[in-house]
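# Report on the structure
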Amino acid sequence: MRTSMMTIFGRASLGLMLLLAVAVGLSGCDQVGTQPKGLASGDNIFQDDGAYESYLAKLYAGLNVTGQSGPAGNADIEGIDEGFSQYVRLWWQMQELPTDEAVITFQDAGGAPQTLQRTNWSSTNGFLSAMYARISFQVMQANEFLRESTPGKLDSRGVSQEVQDKMPQWRAEARFLRALSYWHGVDLFGGIPVVTQDQPRGGAPPSDNTRREVFEFVESELLAIIDGEGESLVPIGAAPYGRADRAAAYMVLANLYLNAPVYLDNPQEVIGADPMNRAVEYAGRVIDSGAFSLETNYQDLFLADNHTADGVVFAIPHDGETTQHYGGTQFLTHAAVGGNMEPSTYGIDFGYAGLRTTPEGVNLYSEASDDRRIFFTDGQSLEVNDLLNFQDGYAVPKYQNVASDGQPGVNPTFPDTDYPMFRLAEAYLIYAEAAVRGASDGDIGRAVSLVNDLRQRAGLGRDVAASDLQDLDQSGTPFLLQERGRELFWEARRRMDLIRFGLFTGGNYAWSWKGNDQAGASIPDYRALYPLPQSELQVNPNLDQNTGY
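Predicted model, so just to flag it, every value in this text is computed and none were measured. (Residues numbered from 1 in each chain as written. Predicted model: local features only at pLDDT ≥ 70, side-chain atom pairs only at ≥ 80, totals over all residues. Heavy atoms only, no water.)

## Describing the overall build of the chain
Filter applied, for reference: Each helix is a run of DSSP H or I of at least 4 residues and each strand a run of E of at least 2, with the numbering of both proceeding from the N terminus. We compute the radius of gyration over the C-alpha atoms and compare it with the globule rule, which gives 2.2 Å times the number of residues raised to the power 0.38. Buried, partly exposed and exposed residues are distinguished by accessible area as a fraction of the type maximum, computed with a 1.4 Å probe on protein chains only: under 20%, between the cut-offs, and over 50%, respectively.
Helix and strand counts for the chain stand at 22 helices and six strands. Relative to the 2.2 N^0.38 estimate, which gives 24 Å for 549 residues, the radius of gyration of the chain is 22 Å and therefore close to what a compact globule would have. Judged by the C-alpha coordinates and their principal axes, the chain covers about 65 × 50 × 50 Å. Sorting the 549 residues of the chain into buried and exposed places 64% on the buried side.

If you want it as structure tokens, here you go:
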């Protein structure tokens, strides 16, 4: 059976999950331009023991499905097309479209994808509003679960001891999912309101927190749920596929610390240690756990049976029958097919003719034998002269609805291909970069070996030396940045990588359509952060807009 929310939580829980329109106002204020729906009181929902696991399933489903009734028709988020509002689709577009890895033909939602593409977005961009709403939606759901699952609430409702015994783990999972979304928020928007279960529904609209305060909240929450005491995630390998164990938290922490010099003015003061040492520590915990190994066939990580692939640390399961929507890998499989491509080759019924890459994206792969070089070129030009012409730019059929044995997924419209949010290979690259950036606990020799492991798996030689890794020159194309681009191509890391290497803004590195110029142009530094949506500012006077907008 395909791994899906059904197999993770059980058929009964899935049914209950789909009946729960689980959203409450962000600290009582849910009147936003692109807004989550409201919720009945907790006492009306938690009438039986099974409701708690169903609610937890809905928290996970918030990263996946878009509403309560199949692919469309009863959306969680109002004010935007339901398919556009899917979490992974929004996160992916905001991390990939403004970079050298992706271009798009679509002009949906008032041209929102094109302003991301051309790096000239404003605070009225509908996709930015939807991403902010998705983050808020996840936070709201997690807070409601945490409010309603305290020991006092459980005792007052006569909840069974069996459920009460599971609750510390379930609460830790809810806290992980909330922290994951807040990490996305601190990366995309900077300082946003931190709202917890301790703040009552129906209160005043929340105020901004600084980027440092959001960072500290995410860090403290993740550290609290990995220590094995009280509310704690299960050890690595002990969670069902698609649910969070400590390795998932380690990956968020490793990313948080690697990007700490971007997020914080004085990271060592905030963290109390060199953030690169912490990045090495948590990436190393994943690597050294023994629970993961590198998948020998890179493409298998992005196929319809990738739940069987090695090296996936945390995935968002997709299933052609039970998780139908127009985001996630549905978007990534269908939007990447058009022109002379035959959809059935990729296990799908049609292509959207939308996504492809730039010449600079192609040129990341300096060796044609690199197995990670997944392009379709027949009828496609290398140059992107016209953003709205699908055949300008090489197509990238990386995500496919075909299994490793060549069989198509169960549904050609809605793929079985899971979305790998975190992979072992990324832990390798985080360790290597943090070591190069000065982590005293890191080992440059080990960093070289880890990168060479990735290159050997890709069909290349073990020819990387320490001198290659140690080139972090911002005026050029640093090897580690290029290697991350090759290994993590189209995996929603490129924007944050370019920012961390000092190449996203300014003019040191230009790519096609950067700065709304076909040849590439400089963009101002303030665009390293997205603006808070104008719709949020209109309903919440306590928010301050990010500089430059």
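Moving on from the coordinates now.
## Overview of the pattern of salt bridges
The cut-off we apply is this: When a carboxyl oxygen of Asp or Glu lies within 4 Å of a side-chain nitrogen of Lys or Arg, that pair is called a salt bridge.
The final tally for this structure, using the stated rule, is 37 salt bridges. In this structure, Arg372 engages Glu487 in a salt bridge whose closest nitrogen and oxygen atoms are separated by 3.0 Å. Taken together, the residues span a long stretch of sequence, with Arg372 in the loop between helix H16 (359-363) and strand E6 (419-423) and Glu487 in helix H20 (residues 479-487) at a distance of 115 residues. Of the residues examined, Glu487 reaches a relative accessible area of 0% and is grouped as buried. The residue Asp497 makes a salt bridge to Arg484 at a minimum N-O spacing of 2.8 Å. Residue Asp497 is located in helix H21 (residues 494-500), and its partner Arg484 is located in helix H20; the two are separated by 13 residues in the primary sequence. Each member of the pair, Asp497 as well as Arg484, is classed as buried. Salt bridges here are not isolated pairs; linked through shared partners, they connect Glu367, Asp370, Arg372, Lys398, Arg423, Arg455, Arg457, Asp463, Glu483, Arg486, Glu487 and Glu491.

## Section: the packing of aromatic side chains
The following threshold applies: Under the pairing criterion, centres of Phe, Tyr and Trp rings, with the six-membered ring standing for Trp, must be within 6.5 Å; the plane angle then separates stacked pairs below 30 degrees from edge-to-face pairs above 60, leaving the rest tilted.
This model, assessed by the stated rule, comprises 29 aromatic pairs. Ring geometry for Tyr509 versus Trp511: centroids 5.3 Å apart, planes at 55 degrees, classification tilted. Given a relative accessible area of 13%, Tyr509 falls into the buried group. By the ring-pair criterion, three or more aromatic residues cluster together here, those being Trp92, Phe331, Tyr365, Phe375, Tyr394, Phe489 and Trp490.

## Here we look at the environment of Phe189
For the record, the criterion: Contacts: residue pairs with any heavy atoms within 4.5 Å of one another.
Following the sequence through the fold, Phe189 ends up in the loop between helix H9 (161-188) and helix H10 (211-224). As for Phe189 and Thr358, which are separated by 169 residues in sequence, their C-alpha atoms are 26 Å apart. When residues no more than four places from it in sequence are discounted, the contact partners of Phe189 are Met94, Leu128, Met131, Tyr132, Ile135, Leu529, Tyr530, Pro531, Leu532, Pro533 and Asn546.

## Thoughts on the packing of H9 against helix H11 (residues 246-258)
We apply this condition: Only the stretch in contact is used when a helix axis is fitted, and all axes are lines through C-alpha atoms; the angle between N-to-C directions ranges over 0 to 180 degrees. Every angle not falling under 35 degrees, over 145, or within 65 to 115 is termed oblique; those three ranges are roughly parallel, roughly antiparallel and roughly perpendicular. Handedness of a helix crossing follows the sense of rotation of the near helix relative to the far helix, less than a right angle counterclockwise being left-handed and clockwise being right-handed. Classification convention: Asp, Glu, Lys, Arg as charged; Ala, Val, Leu, Ile, Met, Phe, Trp, Tyr, Cys, Pro as nonpolar; all other residues, Gly among them, as polar.
Between H9 and H11, the shortest axis-to-axis distance is 11 Å and the interhelical angle comes to 25 degrees. It follows from the interaxial angle that H9 and H11 lie roughly parallel. When the axes of H9 and H11 are compared, the crossing they make is left-handed. Residue-level contacts link Phe176, Leu180 and Trp183 of H9 to Ala248, Ala249, Val252, Asn255 and Leu256 of H11. Considered class by class, the residues forming the contact of H9 with H11 number seven nonpolar, one polar and no charged.

## So, the side chain of Glu101
Here Glu101 lies in the loop between helix H5 (87-96) and strand E3 (103-104). For Glu101, a relative accessible area of 1% puts it in the buried group.

## What about the pairing of E6?
Walk down a regular strand and you will see the side chains alternate between the two sheet faces. Formally: Here the rule is simple: two strands pair whenever DSSP picks up at least two bridges between them.
Burial of E6 is extensive: five of the five residues sit out of reach of the surface. Pairing between strand E4 (residues 312-316) and E6: four bridges, direction antiparallel. Bridging from a neighbouring strand, Ala315 pairs with Pro420 of E6.

## Focus on the confidence of the model for the chain
What counts here: One number per residue, pLDDT, summarises how confident the predictor is, and it ranges from 0 to 100.
Of the residues in the chain, 92% have a pLDDT of 70 or more, and the chain-wide mean is 91. Note that pLDDT drops below 50 for residues 10-40; the model gives that stretch 94 contacts with residues more than four away or on any other chain.

## Digging into the nonpolar core
Definition in use: Think of a nonpolar core as a cluster: buried Ala, Val, Leu, Ile, Met, Phe, Trp, Tyr and Cys residues, connected wherever their side-chain atoms sit within 4.5 Å.
Within the largest apolar cluster, 156 residues are counted, with the highest numbers of intra-cluster contacts made by Trp92, Phe145, Phe176, Trp183, Phe189 and Phe314. With 13 residues, H9 is the largest single contributor of residues to this core. Apart from residues no more than four positions distant in its own chain, Phe314 is found in contact with Tyr60, Leu63, Phe176, Leu180, Gly242, Arg243, Ala244, Ala248, Tyr419, Pro420, Met421 and Phe422. One finds Ile348, Phe376, Phe390 and Ala395 within the second-largest nonpolar core, a separate group that totals seven residues.

## Topic: unusual backbone geometry
Positive phi values are uncommon outside glycine, yet Thr119 reaches one of about 50 degrees. Its place among the elements puts Thr119 in the loop between helix H6 (108-117) and helix H7 (126-148). The phi dihedral of Trp513 falls on the positive side, at around 75 degrees, and the residue is not glycine. Looking at the secondary structure, you find Trp513 in the loop between H21 and helix H22 (534-539).

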